[in-house]
Each structure stands twice: as C-alpha cells, then as structure tokens.
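Listed below are the residues making up each chain.
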Amino acid sequence: MSYIPLHGYFVDAARNWPRNTAVVDPGRGSITYAELAGLTDRLRDRLAALGVRPGDRVGIYMRKSIDAVAAIYGILKCGAAYVPVDPGAPASRNAYILQNCQVKAIVMESRFQSKLLDDWDPQAPKPVILSIDEASAGAALVQALDDADSKLDAAPAIENANSAPSDLAYILYTSGSTGKPKGVMLSHENGTSYVDWCTETFQPRAEDRFSSHAPFHFDLSILDIHVALKHGAALVLIGEDVGKTPERLAPLIAEQRISIWYSAPSILALLAQYGKLSQHDYSALRLVLFAGEVFAVKHLRSLTQQLPAPRYFNLYGPTETNVCTFYEVRLPVPDDRVSPYPIGITCSHLRCRVVDADGRDVPRGAEGELCVTGPGVMQGYWGLPEQTAKAFLVDHADERWYKTGDVVTEAADANYTYLGRRDRMVKRRGYRVELGEIEAALYRSPAIKEAAVVALPDETLGVKITAFLSSREAKHPSLIELKRFCAENLPLYMIPDVFLWREALPKTSTDKTDYQRLKELA
Amino acid sequence: MAEDVKQAVKAFILEEFLPGENPEELTDDTPLITGGILDSIATLKLVLFLEERFGVAFQPHELDPEHLDTTAYIDRLVRSKMA
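Values in this document were obtained by computation on a predicted structure and should not be read as measured data.

S.K.: I'm lost on the overall build of chain B in this one. Help?
M.R.: Scanning chain B from terminus to terminus reveals 4 helices and 0 strands. Ordering the α and β elements of chain B from the N terminus gives α-α-α-α. Against the 2.2 N^0.38 benchmark of 12 Å for 83 residues, chain B shows a C-alpha radius of gyration of 12 Å, consistent with a compact globule. Looking at chain B as a whole, 52% of its 83 residues are labelled buried. Restricting the contact set of chain B to residue pairs at least 6 apart, pairs at least 24 apart contribute 56%. Total accessible area computed for chain B in this model is approximately 4100 Å², and 48% of it derives from carbon and sulfur atoms. Across chain B, 7 positive and 17 negative side-chain charges occur, with their mean positions spaced 5 Å apart.

Right, here's the structure in full:
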C-alpha cells in the first residue's frame, strides 16, 4: 500500500462516507464527515494565512470537543504538528510545554488565554492565538473563523500538506524525571503504522462507535481519533467530569451504543464496582481495550462477569512507541487467578527484544529490559538530544531500539509479562508519573527544605505515593496547605497520597537520599 | 441539624483523607476538590458516605466541584435534599 500522511486517512473517509456522523459530543451536538472536512479545510487555510508553515508546531488548549478534533485535522492538513495540552493542568506547566516546542500558533479557548499569557516568558516569542469561545460542537470554531475572515484578509485555499513519513504529526508531553515535562515527537509514519495495525487487529467498521475517553494529550487518544476517523466510524467524546464518574459514564456508554471502548483500567475497575452495569443495555459493545497500567485481576474478573459478550484486549506500550504488545484475555477469568495477565505478543509492525544491563540479549524466560524497534517508534524528545540518545540502544546493524525501562520476561509462547520498572517512573490512572517531577514541584515551596518521593504498590490505590519532607521552619505547612500547593503546581494525578515530615531525610554513605530506607518507612 | 452535616463531612474527610491534620485547619471554605484533597475516587467515597448517613441521593451531575468543593457547599446541597 502506498504511503499517505495521517490526515490522509480522514480525507479519504470524508470522501467515502460524507454523510456519516464523524464526532458526537453527547448533549452538545455532532458533526458529519463532510462538515468536519469543510471545517478543517477552513482552519487549514486560516492557519496558513496566519503564517503557520509545514514543519511548525501548533498548540491545542481547550476542552475535549468537536472543535478540538477539528483543530487536530486543521493543523495536520496545513503540514504542522499538533501539540495538545491538558486544559486542567496548571497554566504554568502548559506555558512551559508550548514555549518548549516553540509553537507558531495556539488554537485555544479564550478563558485560558490571560492565565497562559501571565505565565509566558516575556523573552520567548509570542505565538499567534486563534481564540475561540467556549468549545461547543464546532460552532465556536466556525465563529472564530468567520470573525477572522471579516477582520483579516480572506484566507486563500491551499492544498492539504503532503507530509513526508518522517515529518512530525504530533508531540505528546509526558512527565519528565528532571521536573520538566518532555515532548515525545511522533511522525506521520509513527501514527499511520500504528493506525494500520489497529485496522488489521480490530477490523473496525463504519457502523462502529468508538469511545474517546482518554484526553487528547494522552497517547490512548491516537487510536480513538485516528482509527475511528479512518473507517467512517463515529467518535463519541467523553468529557473529563463524566469520564471519571461511573454513575454517569455507565448509562452514557449504553445510550451512545459504544461498540469499541478504550481506556485505562482504573475507570473500568470503577465501572465494575459502582456502575450498576446490569441496569443498562451494552449489546452494541464488541471490543473492550485497556492500556496504561496493570488491570487488577479482581476487577477485570468482575467486569467480564458483568459484561461477558465483548472481546477484551490488554494493550501495552509507552508513549514513545504507542502500543507495542497486545494480549487477548480469554473468558472466563479463572476464579483462582491472581496474577495480572501478560502484556502479550509483539504487534506486527514492530519488533521487540529483551536485553540485560549491558544491552545483550537475555535467554528466553530471563528477566530483562524490553526494547522496541520499527516504524511506530518515536523520533526522539523535543530539544533533548542527550535524553534521546540515552533512550535508544543502537545495535551493530545500526538499528535503533527504544529502551522502554520496563522489565519483562518472554514466555515460550512469545507472550511478554511485565514485572516492573528500572527507574523512578510509576503509573497512576494510566498516566506516567516521574517521582522526580513531584519532588521538583515540592521544592518550589519556600517552606520545604528537602523532598523525596517514593511509590509502593497498594491494594486499593494501585500505587501509593508518599512524600517525605523536611522544613526550613519550625512550623511546617499543614496537610491542607501542602495539598493545595501541589494542586497549583502539579496535575491532580501527581499529588502524593501521604506526606510525612522528618527533621532531616535519611542519607546513604555517599550522602544521597536513601530511597531504600524511605520505602521501608513509607 | 446544620452543624451535624458540616461536622460529619469534616470528620469523614479528616479521618479518610487528611490523617493527622489539625481539625481546625479544615474550615467551611477549604477547597476540597480544586485544593487537591479529594480526587475522583475520594469524591465518590464521600458521596456514598453522605447518601448512607443522611438518607439522600445524589444526581450524577452533582458530583463536580461546583457542588462539592467546600464543606459549606456540601452542607447546602445535603440540607436541600433533606428538606
């Protein structure tokens, strides 16, 4: 098959299924393929008229909405890479991200504008801002484009960009160990090779209705958006508030006749516990996909007992590769099973190997670090050549293997089993959390002299994060003050569960923080 | 009755989510959700507690910061349901 860029899939689908519903924002509205194609053409032309050129980056700073989906394709069509930020994260973090990759423009909701500009470094170049009123089923974006047409010169129509396979399509920022988020650069080929694997594996149809549960800055969204809109299917947007409330989400999945569900396991566990699933009709649901963290078998068993009809897949992969292994869970889940399911076999567009600390292949069955190569693997981290170089193992055939940092074993049937991490990254609600980023945020508090954060497995929380602190002052901040400080400086999923004050933190003989000792104390 | 709701909410939050905190630090206006004290699962637990303790039922759309972000808001909402 000849190569087409990531947005080419949507362009073709809009030609094949113009009257199909492309995106639904429940309670707010929907848009057809033909309408979305027209809207994204207009945005493409306007962005180009505002000076965006192929190779540029353009930020998206808004609630998950039809407008945001249109922004993604408008940006891709004009040849730029889209950079979605979390509208719920502190403005200072988003300002850092958008300055870091030097966005040429930002498509954003006007309510975020003043806070973002307050946090903008006066020395940094100012991006062009295409401001829309509260994102709502595409109407706000139409209004913004109409306004631009009347105030500025008309935007001449241009061709869709013919982006090369290695051109960047999107940059997704993840937690960085040094305290600053880092931008994972993904190319058009990274996107299309993964989308094509999804096509082959899940056989989507135009009648399908995909959930869009993950936020757009999260790599799970790549499957939702780009696979659904390749196949003429409908993408059903699930807002953040509804998405984390099982009592609201359970009826919505049924009413919207979702047929392909994809999310982190944590919300599926909540649905199994609090969703009262027997009260609703899930006959449309044919695939349940989950990724991002380990799904506790207890909750997976309960979910599959309540909803036995769909097929269940455990997908695995870091943002740097997106999904690289997958495992179909055969039902029923045995009553005596306690260990989590394997992460599965390698996806067909990639290759995996398991290596020791020196980068040598280990015998099958031995523990080692999982490394991945192939067209799905990222181009690198934005502006971080050293971290990029460290992320890859280059073998004697000059092939680049991304080192996941995940320790696995490979069974005789080629299924991999996840054992743990090599470093200080943990997963919470599917999000990557670098403990170092939490420490860096805590150090921003003038009251804190030392901060060290450890994570331990926890039966109810999945992972429990404990922060050990020492203070400069005799009277240290209260727990409420600490949590509020964290809420202002970190995404909510990074806030520690427990804060413990010490006179001083324990040190090793080389005067480093003694994390082993802290884990015993936590 | 009014004090009962506030006291019960505060006692529950202190015991479940703020172990060791000085009770005086938790005021009627302390932001609970936007202040990082209640995450989504903690909010669910609080609502289940309120439903059981006061015999009220919450609508799904009420489970957001607009209605539950402070003890004062929660008190108002619960009392309106009990009326």
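S.K.: I keep staring at the overall build of chain A and nothing clicks. Help me out?
M.R.: Each helix and strand counted, chain A has 16 helices and 26 strands in total. Taking 522 residues into account, the globule formula puts the C-alpha radius of gyration at 24 Å, and chain A, at 23 Å, falls close to it. In terms of principal-axis extent, the alpha carbons of chain A reach across some 70 × 55 × 55 Å. The buried share of chain A, taken over its 522 residues, is 59%. Long-range pairs, those at least 24 residues apart, make up 67% of the contacts in chain A with a sequence separation of at least 6. Each charge class in chain A can be summarised by its mean position, and for the 58 positive and 64 negative side chains these summaries are 2 Å apart.

S.K.: I keep staring at the interface of chain B and chain A and nothing clicks. Help me out?
M.R.: When the parts of a complex come together, some accessible area is lost, and that lost area is often used as the size of the interface. In this complex, chain B contributes 21 residues to the contact, which on the side of chain A involves 19 residues. Across the chain B/chain A interface, buried area totals approximately 1700 Å², and carbon plus sulfur atoms make up 65% of it. Connecting chain B to chain A are 6 residue pairs in polar contact (both at pLDDT 80 or more). A total of 4 residues in the side of chain B that touches chain A trace back to one element, the largest contributor, which is helix H2 (residues 40-54) of chain B. In the side of chain B that touches chain A, the residues fall into 12 nonpolar, 6 polar and 3 charged.

S.K.: Is there a simple way to explain unusual backbone geometry in this structure?
M.R.: Excluding glycine, residues mostly have negative phi values, and the peptide bonds linking residues are mostly trans. Residue and element names in this part refer to chain A. Residue Pro332 is bonded to the preceding Leu331 through a cis peptide linkage, with omega at -5°. Backbone geometry places Arg257, a non-glycine residue, at a positive phi of 50°. Mapping Arg257 onto the fold places it in the loop between helix H10 (246-255) and strand S11 (260-263). Taking relative accessible area as the criterion, Arg257 reaches 37% and is therefore assigned partly exposed. One non-glycine residue, Asp398, lies in the positive phi region at around 70°. As for its placement among the helices and strands, Asp398 is situated in the loop between strand S19 (392-394) and strand S20 (400-410).

S.K.: For this particular structure, what's the right way to read the pairing of strand S25 (residues 462-471) of chain A?
M.R.: The side chains of a regular strand alternate between the sheet's two faces. Residues and elements named next belong to chain A. Among the 10 residues that make up S25, 8 are buried, leaving the element largely enclosed by the rest of the structure. Sheet analysis places strand S24 (residues 448-458) next to S25, joined by 10 bridges and oriented antiparallel. In the strand pairing of S25, Val454 is matched with Thr466. Turn length for the S24-S25 hairpin, with the two strands adjacent in sequence and antiparallel, is 3 residues. Note: S25 against strand S26 (residues 498-501), 4 bridges, orientation parallel. Bridging from a neighbouring strand, Thr466 pairs with Val498 of S26. At this point the chain moves from S25, through helix H15 (residues 479-489), to the parallel S26, and the crossover so formed is right-handed.

Calculation notes
Here the residue numbering is sequential within each chain, running from 1 through the sequence in written order. Working convention: letters from A go to chains and numbers from 1 go to ligands, in the order in which they are written. Local features are withheld for residues below a pLDDT of 70 in this predicted model, meaning they are given only at 70 or higher, and side-chain atom pairs are given and counted only at 80 or more; totals for whole chains, interfaces and linings count all residues. Note that the side-chain values use all heavy atoms of the structure and ignore hydrogens as well as water. Only DSSP runs of H or I reaching four residues or more are called helices, and only runs of E reaching two or more are called strands; each is numbered from the N terminus. It is over C-alpha atoms that the radius of gyration is taken, and the globule rule equals 2.2 Å times the number of residues to the power 0.38. Burial classes: relative accessible area under 20% of the type maximum marks a residue as buried, over 50% as exposed, and values in between as partly exposed (1.4 Å probe, protein chains only). We call two residues in contact whenever any of their non-hydrogen atoms come within 4.5 Å of each other. Calculation of accessible area relied on Shrake-Rupley with a 1.4 Å probe; when residues are assessed, cover is drawn exclusively from the protein chains displayed. Neither His nor the chain termini are counted; the positive set is Lys and Arg, and the negative set is Asp and Glu. Working definition for charges: the position is that of NZ of Lys, CZ of Arg, CG of Asp or CD of Glu. Accessible area that two parts lose when put together, evaluated with a 1.4 Å probe and summed over both, is termed the buried area. What qualifies as a polar contact is a pair of N or O atoms within 3.5 Å, subject to a donor-acceptor requirement within protein and to the restriction that residues adjacent in sequence count only when both atoms come from side chains. By the convention adopted, Pro, Cys, Tyr, Trp, Phe, Met, Ile, Leu, Val and Ala count as nonpolar, Lys, Arg, Asp and Glu as charged, and the other residues, Gly among them, as polar. Strands were regarded as paired on the criterion that DSSP finds at least two bridges between them. Handedness of a crossover: with both strands directed away from the viewer, a clockwise path from the first strand across the helix to the second marks it as right-handed.

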